[in-house]
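# Architecture at a glance
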Amino acid sequence: MKLLHTADWHLGKIVNYVHMTEDQRSILHQFIQIVKEEKPDAILIAGDLYDRSIPPKQAVELLNDTLTTLINDFQIPVLAISGNHDSPDRLQFGSELFRKQGLFLDTKLKKERQPVTLYDEHGPVHFHLIPYIEPAEVAYVFEDNEIKSHHQAANKLVQDIQNRFDMKERHVWIGHAFLAGGMESESEERLSMVGGSPYVDANLYKDFHYVALGHLHQPQRVTREWVRYSGSILKYSFSEVNHQKSVTIVEMDEAGNNEIQQIPLTPQRDFEVIEGYFEELLAGGAAENPENYLHIRLLDDGQLVDPMGKLRQIYPNILHLERRKSRTNPRLDELNQMKERQKLSHHQLFASFYEDIKGSQLPAARRELIEKAVHHIKEKERGQ
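Scope of this entry: the structure provided in the associated data block. (Residues numbered from 1 in each chain as written. Predicted model: local features only at pLDDT ≥ 70, side-chain atom pairs only at ≥ 80, totals over all residues. Heavy atoms only, no water.)

### A look at the overall build of the chain
The number of helices and strands found in the chain is eleven helices and 19 strands. When burial is assessed residue by residue, the chain has 50% of its 384 residues classed as buried. At a minimum sequence separation of 6, the contacts of the chain that also span at least 24 residues come to 66%. Summed over all atoms, the accessible surface of the chain reaches about 19900 Å², with 48% contributed by carbon and sulfur. (Helix = DSSP H or I, 4+ residues; strand = E, 2+ residues; numbered from the N terminus. Buried < 20%, exposed > 50% of the residue type's maximum accessible area, 1.4 Å probe, protein only. Contact = heavy atoms within 4.5 Å. Areas by Shrake-Rupley, 256 points an atom, 1.4 Å probe, with all protein chains shown as cover.)

Next comes the structure, spelled out in structure tokens:
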């Protein structure tokens, strides 16, 4: 059986005030072309279809168009779960009706849950769709108040599957979790730590033949070749600048052994970090593509007039601009900068943040609003 594993679409994502919908539309068009060429027997989407619980209209339309193409035009079953960014209630709407069309979307935990079973010439493959859930939800469903951590919750679910099904047959786990040993980036929202660690031990899944995971944005295996994160379809922060985004193709044989291949995704505009002196950057050519989303580090020491405005004439998609005073010891510069920031007041910190993001000073009217807001919060904290 041939499977295509993807996750973390984050439709409706905004990065530094820039809507990523058109970039997502472009990459999903590429994704559909991959599906057309690879002709998988099933598509697995391991959570975070949307970036927030109430997605914008354009994101809903994009997801609808993509799923309609996959199911109606290609007639390929899509097996998807909700992630920690999704709203389980909203995604669940119409899910029972959609199952008849080939869209299997699980967003909530049920006791005695049944897998989605697909067949090839060698027999059944059982897909266990496990949406992102808090430990308290698992404790409630199984009436087990000892469940306090994500690991304990996952362990309970795995034991339930092992007790009710023949694990000698082929089983696939589709989940959205943080496995211990996985490499994270800044763009993933931290999972809850109420009652303990958010991490799950990958050894729990030793009886499964493939584990399709979402949440971590870098494509990677964790402890075993067949325990995998597909990664996000696009870069969503500069911490991901060195990632190669991809989808994962899994060819499973009759014994449950897998041949795994990663097919790269090429964005319309990449994320890139560049540094240099202001005049050198103005000459152009510093970025691989001037249309890329850029984080620029300026090496100049002196005062510059409107650097963001001037640089955006050459590189229109600058998302972040900063000054780096020394090329010889950047870590020391960052440490000194942190110490200096610790001396600033709350409204001074906000003004510094505003200047970093916008490339210009905080206007006086807005500064006054921030000072009032800080004063109000302080008064509230004192109980006055």
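### Quick look at the side chain of His128
Assignment of secondary structure puts His128 in strand S8 (residues 123–130). A polar contact is formed between the side chain of His128 and the side chain of His171, at a distance of 2.9 Å. Not counting residues within four places of it along the chain, the set of residues in contact with His128 comprises Pro115, Ile161, Phe165, His171, Val172, Trp173, Ile174 and Phe208. (Polar contact = N/O pair within 3.5 Å; in protein donor to acceptor, adjacent residues only side chain to side chain.)

### As for helix H2 (residues 57–73)
An ideal rise of 1.5 Å per residue puts 24 Å on 17 residues; H2 measures up with 23 Å between its terminal C-alpha atoms. Regarding H2, the residues found buried are Ala59, Leu62, Leu63, Thr66, Leu67, Thr69, Leu70 and Ile71. In this fold, the buried residues of H2 make contact with helix H1 (21–38), strand S4 (42–46), strand S5 (78–81) and strand S6 (103–106). Looking one or two residues beyond H2, the residue adopting positive phi is Gln75, at roughly 55 degrees. (Expected span 1.5 Å × (residues − 1).)

### Thoughts on the nonpolar core
With 38 residues, the main nonpolar core has Phe31 and Ile43 as its most contacted residues. Sorting the residues of this core by element identifies H1, S4, H2, S5, S6 and strand S15 (246–252) as the ones contributing at least two each. Each residue touching Ile43, except ones within four places of it in the same chain, is listed here: Leu4, Phe31, Val35, Leu70, Ile76, Pro77, Val78 and Leu79. One finds Ala139, Val141, Phe142 and Ala153 within the second-largest nonpolar core, a separate group that totals 30 residues. (Core = buried A, V, L, I, M, F, W, Y, C linked by side-chain atoms within 4.5 Å.)

### Brief notes about the sheet that holds strand S18 (residues 293–298)
A sheet is described by the order of its strands in space; here three strands give the open sequence S17-S18-S19, paired in parallel fashion. Each end of this open sheet is capped by a strand with a single partner; those strands are strand S17 (271–276) and strand S19 (318–323). Put simply, the sheet's adjacent strands are angled 15 degrees from each other on average, direction ignored. Two elements, S17 and S18, share six bridges in a ladder whose sense is parallel. (Pairing = 2+ DSSP bridges. Axes fitted to C-alpha atoms, helices over the stretch in contact; angles between N-to-C directions.)

Remember, this is a structural readout, not a statement about activity or role.
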